[in-house]
Amino acid sequence: MAEFVEIRMTIESHERAAELAHGILLACLATSIDIAEAPDQPVHRDTPTWQLTLITTNEQVPALEGHLRSTGATAPLDCRPVIQEFEGYPDWLMDGQS
């Protein structure tokens, strides 16, 4: 089973974040992408910065970072392992199956 990693980076504009997300999806480098206004922004900023949050596998991290750098993205990447503790499959998924 693949180990998953959450990667976060800050982007200066929503349009640029959407452009990066689109390219990442087309390259199949992440399973999930979220774009949200970055938390804890300085009060003196007139325009918000955006946070791109991705879920990918450990194996895809080097390719994802290479893809981001090839598009000119220079923001640091915050990588954290995704910790999950499952007690089994949800009832609705296993209904009638053993």
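None of these values were measured; they are calculated from a predicted model. (Residues numbered from 1 in each chain as written. Predicted model: local features only at pLDDT ≥ 70, side-chain atom pairs only at ≥ 80, totals over all residues. Heavy atoms only, no water.)

Trainee: Sorry, what's going on with the side chain of Thr49 here?
Mentor: Looking at the secondary structure, you find Thr49 in the loop between β2 (32-37) and β3 (50-57). Thr49 has contacts with Thr10, Ile11, Glu12, Glu37, Ala38 and Gln41, leaving out every residue within four places of it along the chain. (Helix = DSSP H or I, 4+ residues; strand = E, 2+ residues; numbered from the N terminus. Contact = heavy atoms within 4.5 Å.)

Trainee: Please explain the pairing of strand β1 (residues 4-11) as it appears in this structure.
Mentor: When β1 meets β3, the two strands line up antiparallel, connected through 8 bridges. Bridge pairing in β3 links Ile11 to Trp50. The pairing of β1 with strand β4 (residues 78-81) spans 4 bridges and is antiparallel. The residue of β4 that forms the bridge with Glu6 is Arg80. (Pairing = 2+ DSSP bridges.)

Trainee: Which parts of the structure should I look at to understand helix α1 (residues 14-26)?
Mentor: Under the 1.5 Å per step criterion, the end-to-end length of α1 is 18 Å for 13 residues, consistent within 8% with the ideal 18 Å. Residues Ala17, Leu20, Ala21, Gly23 and Ile24 constitute the buried set of α1. Buried residues along α1 cover an arc of 165° about the axis, so they all sit on one side. Among the exposed residues of α1, those oriented more than 90 degrees off its buried face are Glu15, Glu19 and Leu26. On the buried face of α1, the contacting elements are β1, β2, β3 and α2 (61-70). Downstream of α1 by a residue or two, Cys28 has a phi angle that is positive, lying close to 55°. (Expected span 1.5 Å × (residues − 1). Buried < 20%, exposed > 50% of the residue type's maximum accessible area, 1.4 Å probe, protein only. Arc of directions from axis to C-beta.)

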